[in-house]
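# Chains, contacts and geometry: an overview
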Amino acid sequence: MDRAIGKIADHVPEDLARKFAQETGITKDDIHPIPAGPSGIVSAVDGSNSMIIEGGSVAIAAIRAVQTTFSGNVRSSRSITPLTLVTIGPGHRNHDFDELFPDCFGTPPHKGLDNADPERASAILRDTLEYWVALQTVRVLPEGALLLLDGALRVSSQNHEPVLADIIRIAQERKILLAAVAKRTSATWGGGHPLLPAIAGLAEQLGIPGPWWAKIDAHIPDHAGYSPGRHGELYIASLHPHARRPLKMELPKGISEEAAAATMQALAACAGDGRIPGYPYPLLDAHRSVIIDEPLVMQILQDIKSGLSKRGMQNRIFEDLFGDLHGDFERY
């Protein structure tokens, strides 16, 4: 316990903000206040995946994605893909991915999806739907609108590389603002110091009230090496005077400071919800709409069991395929 406490304390020293300023060179001029402005059209895209059953050689997961669009902080539209069940295994190559990818983008994936890690395969299948929804959305949003993605402007699968590049290109051609917002981050600097508390503490020391934003140059974070799947640059923003913590976000590489400032102003204008001040409400609405929660998982599981039973599979066989001893342990 003492060793664990000591390690945490060492990474968050009392003079964290001062050390951050000294080592990064960030000054008051680099932390930009965000002026108040009306909320325009904001569209948020999010996806969800959940493992339903998992056996030694085969697993079934549920995936879906959603877009929700707000105008003046009032939802104007919301659309969600059908809940889709995908099979992971048996065998090495995921055949559902081979079917889903051309259904979404019109071309086959240039590299197959491996089933070795079911959770990763499930996430990449979800990403496929999420990028498809984002691509459809960016094509219809009007000029000046803001498109929000969950996470980061980088891909986990090489197959999604040209899709994300197209989303960014179309957004820039149609003059649509684009940002990816992370719910949480492990970003650090200086060999393990947390990035968000450091810059938030510096803004407080400098007397800069929220909302504010700052661009974080590539040499500041730890592990900031080149990534072929990364299409964004790192920003930190506190989007509300009463935000509990700042947010990590990515904006497309190479955008101007004026475009970044316009994006931050649009973000702050839709981040005033009293339940989670400082988090863009359209993304919260997308998350709440798309999530595959435990009651839904149990409903799907029961439907699968019922369907297999009608085909003559006894429960004992089902447990042999998908059960494990953890269920027995939980009874005691």
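Before going into details, it helps to say that this report is about the structure given with it. Since the structure is predicted, the reported quantities are computational estimates derived from the model, not experimental observations.

### Re the layout of surface pockets
- As a volume, the largest pocket reaches approximately 1100 Å³.
- Sorting the residues of the lining of the largest pocket by element identifies strand S2 (41-54), helix H4 (118-138), strand S6 (146-150), strand S11 (232-238) and strand S12 (247-252) as the ones contributing at least two each.
- Residue classes in the lining of the largest pocket are distributed as 15 nonpolar, 12 polar and 16 charged.

### Focus: the side chain of Thr24
- For Thr24, the location among the structural elements is in helix H2 (residues 16-24).
- There is a polar contact of 2.6 Å between the side chain of Thr24 and the backbone oxygen of Phe20.
- A polar side-chain atom of Thr24 sits 3.3 Å from the main-chain amide nitrogen of Ile26.
- Not counting the four nearest positions on each side in its chain, Thr24 is found in contact with His219 and Ile220.

### With respect to the packing of H4 against helix H5 (residues 161-173)
- Contact pair H4 / H5: the axes reach a minimum separation of 10 Å and the direction vectors enclose 20 degrees. In terms of orientation, H4 and H5 fall into the roughly parallel class. Both H4 and H5 take part in a crossing whose hand is left-handed. Contact residues: H4 offers Tyr131, Ala134, Leu135 and Val138, while H5 offers Val163, Leu164, Asp166, Ile167, Ile170 and Ala171.
- Residue composition of the contact of H4 with H5, grouped by class: nine nonpolar, no polar and one charged.

### Considering the pairing of strand S4 (residues 74-80)
- Two strands pair when backbone bridges link them, and strand S3 (residues 59-71) and S4 are joined in this way by six bridges, in the antiparallel orientation. Opposite Ser71, over in S4, you have Val74 as the bridge partner.

### Examining unusual backbone geometry
- Note that the residue after Gly89, namely Pro90, is joined by a cis bond; omega there is -10 degrees.
- Positioned with a positive phi, Asn73 is a non-glycine residue whose angle comes to about 70 degrees.
- With respect to the element layout, Asn73 can be found in the loop between S3 and S4.
- Its relative accessible area of 43% is what places Asn73 among the partly exposed residues.
- The phi dihedral of Lys175 is positive, around 60 degrees, even though this residue is not glycine.
- The residue Lys175 is located in the loop between H5 and strand S7 (177-181) in this model.

### Re the environment of Gly254
- Following the sequence through the fold, Gly254 ends up in the loop between S12 and helix H7 (257-269).
- When the C-alpha atoms of Gly254 and Thr24 are compared, they prove to be 21 Å apart, with 230 residues separating the residues in sequence.

Reading the values: rules and limits
Residues numbered from 1 in each chain as written. Predicted model: local features only at pLDDT ≥ 70, side-chain atom pairs only at ≥ 80, totals over all residues. Heavy atoms only, no water. 1 Å grid on protein atoms, 1.4 Å probe; cavity = no way out; pocket = protein on both sides within 12 Å on 5 of 7 lines; lining within 4 Å. Points joined across faces, edges and corners; volume = space filled by probe spheres on them. Helix = DSSP H or I, 4+ residues; strand = E, 2+ residues; numbered from the N terminus. Nonpolar A, V, L, I, M, F, W, Y, C, P; charged D, E, K, R; others polar. Polar contact = N/O pair within 3.5 Å; in protein donor to acceptor, adjacent residues only side chain to side chain. Contact = heavy atoms within 4.5 Å. Axes fitted to C-alpha atoms, helices over the stretch in contact; angles between N-to-C directions. Parallel < 35°, antiparallel > 145°, perpendicular 65-115°, else oblique. Left-handed = near helix turned anticlockwise from the far one by under 90°. Pairing = 2+ DSSP bridges. Buried < 20%, exposed > 50% of the residue type's maximum accessible area, 1.4 Å probe, protein only.

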